[in-house]
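# Chain and residue survey
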Amino acid sequence: MSHSPEGAPGAGAPRSADIAAGIIVAVVAVAAIAVSRDFPTTGLDSDVGPARFPLIYAGILIVLSAILVIGRLLPTRRNQERAAEPAQPGTGFRFAPVAIGVVATAVYIYLISLIGYLPTTVVFLIGMMRLMGQRSWVRTPLLAVGITAFLYLIFLYGLQIPLPVGSLFEAAEL
Amino acid sequence: MKGYRFLTGAVVGALASASLMVAATAAEYPTKPIELTVPYAAGGGTDLVARAYADAAKKHLPQSMGVVNKTGGAGAVGLTEIMAARADGYKIGMGTVEITMLPHMGIARFTADDFTPIARLNAEPSAITVNADSPFKTYEDFIANAKANPGKVRIGNSGTGAIWHLAAAALQDKTGLTFNHIPYDGANPAVTALLGNHIEAVSVSPAEVVNHVAAGKLRILAVLADERSPAFPDVPTVKEKGVDLSVYTWRGIVVPKKTPQAVVETLRAASKATVEEASFKETLTKMNLTLAYADGPEFGKVMQKDNTFFKDLMTKLGMAK
Amino acid sequence: MYEIDMLLKGFANLAADPVTLLLALMGVALGIIIGVLPGLTATMGVAILLPFTFGMDPAPAILMLSGVFFGGIYGGSITAILLKIPGTPAAAATAMDGYALSQKGQAGIALGTATLSSCIGGTFSVFMLIFLAPLLAGIALEFSAAETFALAVFGLSIITSVSGESLVKGLIAGFLGLLLSTVGMDPMGGFPRFTGGFNELLAVPFIPVMIGLFAASEAFKSLGQPASRAEVKVHIGRIIPPWDVFKGLIFTILRSSGLGIIVGIIPGAGADIASFVAYNEAKRFSKNPENFGKGELKGVAAAESGANACTGGDLLPMMTLGIPGDAVTAVMLGALTMQGLQPGPLLFKDHAGLVFTLFAGMLFCYAALLVLGLSSLRLMGKVLEMPRSILTPLILTLCVVGAYAINNSMFDVGIMLATGVVGFFMQRWDYPASPVVLALIMGPMAEASFRRALSLSGGSLDFLYTRPITLGLLLVAAITLLLPLLKHLKGDGGGPTPDGRTVGAGTGGVK
C-alpha cells in the first residue's frame, strides 16, 4: 500500500491499487453482513428490521467491488494500455512525510487529551512547519505560538468552547 | 444597583449559612468556577434551561457557573461523563429523565444510582394531542376508536425508547389497547406529521404543541399527569378517566454519587434559591415549561420511582437488555 | 399592496435603528467566519450566539441570528473554492467545480460568482417568504415519510452525477457512505448498530468524517508534495465575473434558487441537500455536462444559490406554521419563543409590524453579505499566497479543533484522523469524496423515512406508487440514475468511465 509507481494523486489509480481497494471494500462489506446477521428483528409486520438496510448496502458493495476487480483483471484495451504504459516518471510525491504527518497528528491528538491543547499545539505546529521546510528558529516558533493563542482565544471567547486542558492538569488542580 | 447586590448577597447568606455551618469543612467550596455539563446540544430545550439556571445561580454562589454541552448517544455520552466526573462539585450535570431510561436499554454505563440528585427544575407530562380536524373530540372518543381498530391508531413519538414512546406504550399497557407507534427524529417532526394529518395523534408534552393549540390547529385530549396542567385547565388527566398513569419528562441538577455531603448541601441550598429567581422563572414561562422544583431527597424519590417504572415497562416491551 | 407597504414600513423601522443594523452586520460577519472554519456549521453558530441575544429586543436578536445563519451557509464556500475544504456540508457541492477553477487560476471569479449567487439566491428566497409564504407553506405539510423517502432516493441518485471519472468508484464511495450511515441507533427499533459499544457512535459522526475526508486528507496530500512545486504563486485574479459570463449564469441561478426554496420548505431537508440538488439540475440542463467537475462556473453558481435560497425556504414553514424543518430553524424557533413570540399563523396577525421589520432586516443581511463578501475576498485570497509550509500545519490544527468543537469530544477528533487517512488513499486512487457526503446526508433520511412510511401504511409498499409527489420524485431519481448508465453503455463498453469518449483530450489516459 505504501508503494505507488504512479505520479501525483488524481492521475489514475494503478491496477494493483484498484484490485486491493476492491478486496478491502469487499472485506468490509462481508464483515458488515456478518455483524448485521446478529441484529434482532423488531418483531413487527410493518418493519423490515435494523439489519435490512446494511445488508442491502453491503450486498451492492460486494457486487461493485467485484465489477471493479474483474474490470481490471480482464484483458481489455485499457488495462493493456495501462500495463504497457510505464509508470509516469516520478513527479516527486513522497510518502515518507505523509506517514510522518499522520503519525505526528495521531500523537498530537493523544497528547491533547493528556496534557491539553496549548503546549501540544505549539510543538505540533513547529514540528510540522519544519517538516515542510520552514527552517527559521525565529519565525516558526513565533507563528506557532501566535496561531495557537489565536485559535484558543477565538474558541474560548468567540465560541464559548474551552479547548481541552488535559486530564493530567485536571487532576493537578485538585 | 449596589443596594440590589447587597440584598441578593443577604439572601444568599441567609440561605447558604445554615448549610454551610453544618458543613464547616466545605466552607471553601466553591473556590473556582463550576462547570455545568449538558448532555444535549446548544440551543435545545435542556440547554436553555441549563443556561437560565447557570445564569440565575451566579447570585447564589460565590463562583460563576459555565455551561458545556457534551452531546451524543441520545444523552448517554454526556450523562456518562457526569457520572464519571471527579466528585468534587466542580463538574455538575443537567440530568434528565433519560437517566432512568437509558440504563435499561443497554446503551449506558451508568445507572440511576450513580447520581446524587440536587434539585429537580421542571417537569412536563405526556399529552395525547390530535389534529383539530380529527373526529375525536374527547379522550373517550379516541379510546373507543382505538378499541374498535386495534393497531390502526398511529401515535407519533420522539423516537423509539424515548420518553414519549414509552408514555404511549405505558398507556397502551394500562388500557389494553394496541397503537401503531411511529418514531420520529424528535418531538418537532412528530408534531409536523400530525399537522399534516399523516398520523392520528402524538404523545409529546403540552409545551411542544402549545403554539399549535393556541392557533387552533391541534387539540389536546388528555394529559398523562397527576393533576391538570395550569396552562390547560380544561384538559382532563387520564387519572380522571380511570387510568392510573402519569408519565413526566423532567430536568434537574445532579452530581456524581461520591460527591461530599457538604458540597451537595451547598448546591442544594443554592438551587433552592436559584429557582426562585425571577429571571429563571421567566425563561421557563417563555418556553412554556412548568417549574417543578423538588429538593434533593424528594427528587431522588422521583428518580427511583421512574427507574422502577421504566425498567418494568421496558421489560414488558422487550426493549430491556 | 399590503406586503409592499408593510415592507417599506419595515425598512423605515430599521433605518431608525442603526444598532439593529449593526448587530445584523456583525451577525453576517460572524456567520462567514464560522462558515469558513471547518467543522463549525451555521447551526452551531446560531446555537452558540442564541444565549447572547436573550437580553436584546426581538428585532436585533432575530436579525443577528439570521445574519449568522445566512453568513454561515455562504462562508463554507470560500475555503471550498480556495482549498477544496468545504467549511460546511453544503459547500461540498461548491468544492467540486470551485476548486477546479482555483487551480486554473480563476479563484477570484469563482469566489465572486459564489458570493453573487449566494446573495441573489438568498434575496430571492426572502422575497418568496414575504409574498408567497401562505401559498408555499402548505408544501411542508404535504411531505410525509413516503415523500421524504423519495426525496432521499432522488438525492442519492445524484451520486451518479458527482462521481467524476469512474462511475463504479463513485458508486463504491457512495455505498460505503451509505453503509457508514447505518452506524448508530437504528431509527425504528432503537437498536445500536456497528457501535462497538461506543456511545459516541450512537449517531453517525457526520461532521468529523467530512472534515477528515476533505480537509485532513488534503493536508496529508500536501505533506507529500515536494516544496519546490508549492511555491508557484497562485493569484486570485478578477473577482466580479464579466457581464458576458454572468449573463450565462442567470438562468442557472434562478432555477437553483427555486429549487433551493422548495428543498428548504420540505421538513428535514436543508442547505446541504439543496446545493447538491441544484448542482445536479444545473448539470442536467447544461449543454456541456461533461465540463462539470472540471471547473464549470455554473456548478459553483448553482450550488451556492441553491444553498442560500434554502435559508428563506427553511424559515418559511417555521415562521408561518411554527414547524422547524431542520436544526437551524429549530434553534431559531427557540429564539423567537424566548423573545415571547410564538411562530405560526398568529405571528403574522399579532406582530405584523415586527415580522415585516424582520423581513426587511433579512434583505439587509443579504445586502451586507454581498458587500462583506466581495470586500473580504481579496483578503481571503491571500490564503493562496501563504506558503504551504505554514498553511498545511494550520489546516491540520484547524481540523483537530474543528472536529473537537462539534461535541467537545476527542473521540470525534480520532474519527476525523481515521477518515483523513482513508480520504488520502481515496483521493490517490480516484475515489471521489462527494458521494460519501451525499450518502451520509441522505442515507439516514432514506432508511428512517422508508421504514416510517412502511409503518404508517401498516406494512404495505403501496406508498411507493400511490402518492403523486413520491412517484414523481422517484421517477426523477430513476432518470438521474439511468442516464449516465445508458450513456456509459452506449459509449465504450469496457472500462468504468462514463464519459471517456466524449472528453478525450485533457483527461489523460482515461479512455
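Residues numbered from 1 in each chain as written. Chains lettered and ligands numbered in written order. Predicted model: local features only at pLDDT ≥ 70, side-chain atom pairs only at ≥ 80, totals over all residues. Heavy atoms only, no water.

As annotated in an unreviewed UniProt entry, chain C is C4-dicarboxylate ABC transporter permease from Azospirillum doebereinerae.

Chain B carries the name Tripartite tricarboxylate transporter substrate binding protein in an unreviewed UniProt entry, which gives Azospirillum doebereinerae as its organism. Of the comments in the UniProt record for chain B, the one headed Sequence similarities (unreviewed entry) reads "Belongs to the UPF0065 (bug) family." (UniProt positions renumbered as here; feature names shortened; annotations may be inferred.)

Let us look at the pattern of salt bridges. All names here are of chain C. Evaluation of the coordinates by the stated rule reveals 25 salt bridges over all chains. A salt bridge links E147 to R467, with the shortest nitrogen-to-oxygen separation between them at 2.8 Å. With E147 in helix α8 (residues 145-157) and R467 in the loop between α21 (463-466) and α22 (468-490), this residue pair connects regions lying 320 residues apart in the sequence. Residue classification places E147 among the buried positions, given a relative accessible area of 3%. (Salt bridge = Lys/Arg side-chain N within 4 Å of Asp/Glu carboxyl O. Helix = DSSP H or I, 4+ residues; strand = E, 2+ residues; numbered from the N terminus. Buried < 20%, exposed > 50% of the residue type's maximum accessible area, 1.4 Å probe, protein only.)

Contact residues are listed per partner, giving 67 residues for chain C and 75 residues for chain A. Between chain C and chain A lies a buried interface of about 6300 Å² when both sides are counted; carbon and sulfur atoms form 77% of it. Among the residues of chain C in contact with chain A, L223(C), R428(C) and W429(C) are the three that bury the most area, contributing 12% of the side total. For the interface between chain C and chain A, the tally reads 2 salt bridges. With its nearest N and O atoms 2.9 Å apart, the salt bridge here joins D47(A) to R451(C). (Contact = heavy atoms within 4.5 Å. Buried area = accessible area lost by both parts, 1.4 Å probe.)

A few words on the packing of helix α1 (residues 2-15) of chain C against helix α6 (residues 107-131) of chain C. All names here are of chain C. Between α1 and α6, the shortest axis-to-axis distance is 10 Å and the interhelical angle comes to 120°. In terms of orientation, α1 and α6 fall into the oblique class. Taking contact as the criterion, the partners of E3, I4 and L7 in α1 are, on α6, F127, I130 and F131. A breakdown of the residues in the contact of α1 with α6 according to their chemical character gives 5 nonpolar, no polar and 1 charged. (Axes fitted to C-alpha atoms, helices over the stretch in contact; angles between N-to-C directions. Parallel < 35°, antiparallel > 145°, perpendicular 65-115°, else oblique. Nonpolar A, V, L, I, M, F, W, Y, C, P; charged D, E, K, R; others polar.)

Attention shifts here to the confidence of the model for chain C. Residue and element names in this part refer to chain C. On average, residues of chain C carry a pLDDT of 86, and 94% of them reach 70 or more. Confidence scores differ between elements of chain C, with helix α23 (residues 500-503) showing the lowest mean pLDDT of 35 and α6 the highest of 94. Note on residues 492-511: pLDDT under 50 across the span, and 32 contacts to partners over four residues away in sequence or across chains. (pLDDT = per-residue confidence, 0-100.)

Here we come to the interface of chain C and chain B. By a frequent convention, interface size equals the accessible area lost on bringing the separate parts together. Of the residues lining the interface, 39 residues belong to chain C; the matching set on chain B comes to 41 residues. At the boundary of chain C with chain B, total buried surface from both sides reaches about 3200 Å², with 59% on carbon and sulfur atoms. Among the residues chain C hides against chain B, the three largest losses belong to N199(C), M338(C) and L456(C). Together they make up 20% of the total. Applying the counting criterion to the chain C and chain B interface returns 0 salt bridges. Linking chain C with chain B are 11 residue pairs in polar contact (both at pLDDT 80 or more). (Polar contact = N/O pair within 3.5 Å; in protein donor to acceptor, adjacent residues only side chain to side chain.)

This brings us to the side chain of E304(C). All names here are of chain C. Within the fold, E304 resides in helix α14 (residues 297-321). Among the polar contacts listed, one links the side chain of E304 to the side chain of S118, at a separation of 2.9 Å. The contact partners of E304, leaving out residues within four places of it in the chain, are I73, Y74, S77, T94, A114, S117 and S118.

So, on to the packing of helix α9 (residues 167-181) of chain C against helix α20 (residues 434-456) of chain C. Residues and elements named next belong to chain C. It is the contact of α9 with α20, at a shortest axis distance of 7 Å, that shows an interaxial angle of 40°. When the axis of α9 is compared with that of α20, the two are oblique. Crossing of α9 against α20: the hand is right-handed. Every residue of α20 that contacts α9 at G170, A173, G174, G177, L178, L180 and S181 is listed here: P435, V436, A439, L440, G443 and P444. A breakdown of the residues in the contact of α9 with α20 according to their chemical character gives 8 nonpolar, 5 polar and no charged. (Left-handed = near helix turned anticlockwise from the far one by under 90°.)

What follows deals with helix α6 (residues 187-195) of chain B. The element α6(B) is largely enclosed, with a buried count of 7 among its 9 residues. Of the positions making up α6(B), those classed as buried are A187(B), A190(B), V191(B), T192(B), A193(B), L194(B) and L195(B). Buried residues along α6(B) sit against β4 (115-131), β5 (154-157), β7 (201-202), α7 (210-214) and β8 (218-224) of chain B together with α7 (133-142) of chain C. N197(B) occupies a position one or two residues after α6(B) and carries a positive phi of about 60°.

Quick look at the environment of F251(C) now. All names here are of chain C. Here F251 is to be found in helix α12 (residues 243-265). The class for F251 is exposed, based on a relative accessible area of 58%. Along the chain, F251 and A302 lie 51 residues apart, while their C-alpha atoms are 9.7 Å from each other.

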